[in-house]
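What follows is each chain in one-letter form.
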Amino acid sequence: MNMCFKRIKMNRSSKTFRPKKNIPEGSHQYELLKHAEATLGSGNLRQAVMLPEGEDLNEWIAVNTVDFFNQINMLYGTITEFCTETSCSVMSAGPRYEYHWADGTNIKKPIKCSAPKYIDYLMTWVQDQLDDETLFPSKIGVPFPKNFMSVAKTILKRLFRVYAHIYHQHFDSVMQLQEEAHLNTSFKHFIFFVQEFNLIDRRELSPLQDLIEKLGSKDR
């Protein structure tokens, strides 16, 4: 995992997605991140996603949610030139799954929009959640809110949709860029994490169920 991704300028607009500010060195969350990096380096992803002994579940989920946001931000940034209003006029994951955007605040009624527009809405919304100190406190001793787990589940559910769109609509481009190993490793880490803590309903994972089962069987 790497919290130090540079800003990724999206080709489709002047919008710049800014990954969550680096976790402050010396903080407890920074130590958790270093632990996660060390266990990831072992190659055992099932072990890497487990809650470290004695650690707070909310804090572990927060640190990993920030990192998954950064990973997906970077992965999508590599294929934005292929994901356009013309090529992806709807946000979909294959012919059976289509996503409409609503955030409950600015857009209360779900709207049909292009994939780049949907992902723009999505990543901006996630960024706002991660930057909200009342939801994702970074200071020692500041408690997580009672609704933290619900917010984290919604973030991860929506981030999954970006993986699903990339796999269904842009995997050929990913292979041309020779990024498939990076994408597969990132997605496998993501799936093992959400499975470990039951963070995404199985029905939401349906667009990539075959891939998920394949990744799981390889790890047994």
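In case you missed it, the structure is sitting above this.
What comes next is a walk through the structure. (Residues numbered from 1 in each chain as written. Predicted model: local features only at pLDDT ≥ 70, side-chain atom pairs only at ≥ 80, totals over all residues. Heavy atoms only, no water.)

### So, the pattern of salt bridges
Then comes step 1: As enumerated under the stated definition, the model contains four salt bridges in all.
Then comes step 2: Linking Asp201 and Arg203 is a salt bridge whose minimum nitrogen-to-oxygen distance equals 3.1 Å.
Then comes step 3: For the salt bridge of Arg202 with Glu213, the shortest nitrogen-to-oxygen distance reads 3.9 Å. A residue pair is termed long-range when its members are at least 10 positions apart, and Arg202 in the loop between α6 (180-196) and α7 (209-218) and Glu213 in helix α7 qualify at 11 residues.
Then comes step 4: Residue class for Glu213 comes out partly exposed when judged on its relative accessible area of 43%. (Salt bridge = Lys/Arg side-chain N within 4 Å of Asp/Glu carboxyl O. Helix = DSSP H or I, 4+ residues; strand = E, 2+ residues; numbered from the N terminus. Buried < 20%, exposed > 50% of the residue type's maximum accessible area, 1.4 Å probe, protein only.)

### Remarks on the packing of aromatic side chains
Then comes step 1: Within the structure shown, the criterion is met by 14 aromatic pairs.
Then comes step 2: With 6.4 Å between their ring centres and 40° between their planes, Tyr99 and Tyr118 make a pair best called tilted. One end of the pair, Tyr99, is in strand β4 (residues 98-99); the other, Tyr118, is in helix α4 (residues 115-130), with 19 residues separating them in the sequence.
Then comes step 3: Residue classification places Tyr99 among the buried residues on the basis of a relative accessible area of 8%. (Phe/Tyr/Trp six-rings, centres within 6.5 Å; stacked < 30°, edge-to-face > 60°.)

### Let's talk about the packing of helix α3 (residues 57-77) against α6
How two helices sit against one another is set out by the angle between their axes and by the gap between those axes.
Then comes step 1: Their axes nearest at 11 Å, the elements α3 and α6 cross at an angle of 155°. Comparing their axes, α6 and α3 come out roughly antiparallel. As α3 runs across α6, the sense of the crossing is left-handed. Facing α3, whose interface residues are Trp60, Ile61, Asn64, Phe68, Gln71, Met74 and Leu75, α6 presents His182, Leu183, Ser186, His189, Phe190 and Phe193.
Then comes step 2: Counted by class, the contact of α3 with α6 contains eight nonpolar, five polar and no charged residues. (Axes fitted to C-alpha atoms, helices over the stretch in contact; angles between N-to-C directions. Parallel < 35°, antiparallel > 145°, perpendicular 65-115°, else oblique. Left-handed = near helix turned anticlockwise from the far one by under 90°. Contact = heavy atoms within 4.5 Å. Nonpolar A, V, L, I, M, F, W, Y, C, P; charged D, E, K, R; others polar.)

### Description of α4
Then comes step 1: Taking 1.5 Å per residue, 16 residues should reach 22 Å; α4 reaches 22 Å between its end C-alpha atoms and fits that length.
Then comes step 2: For α4, a buried count of 12 out of 16 residues is recorded, marking the element as mostly surrounded by other parts of the structure.
Then comes step 3: Residues Ala115, Pro116, Tyr118, Ile119, Asp120, Leu122, Met123, Trp125, Val126, Gln127, Gln129 and Leu130 constitute the buried set of α4. (Expected span 1.5 Å × (residues − 1).)

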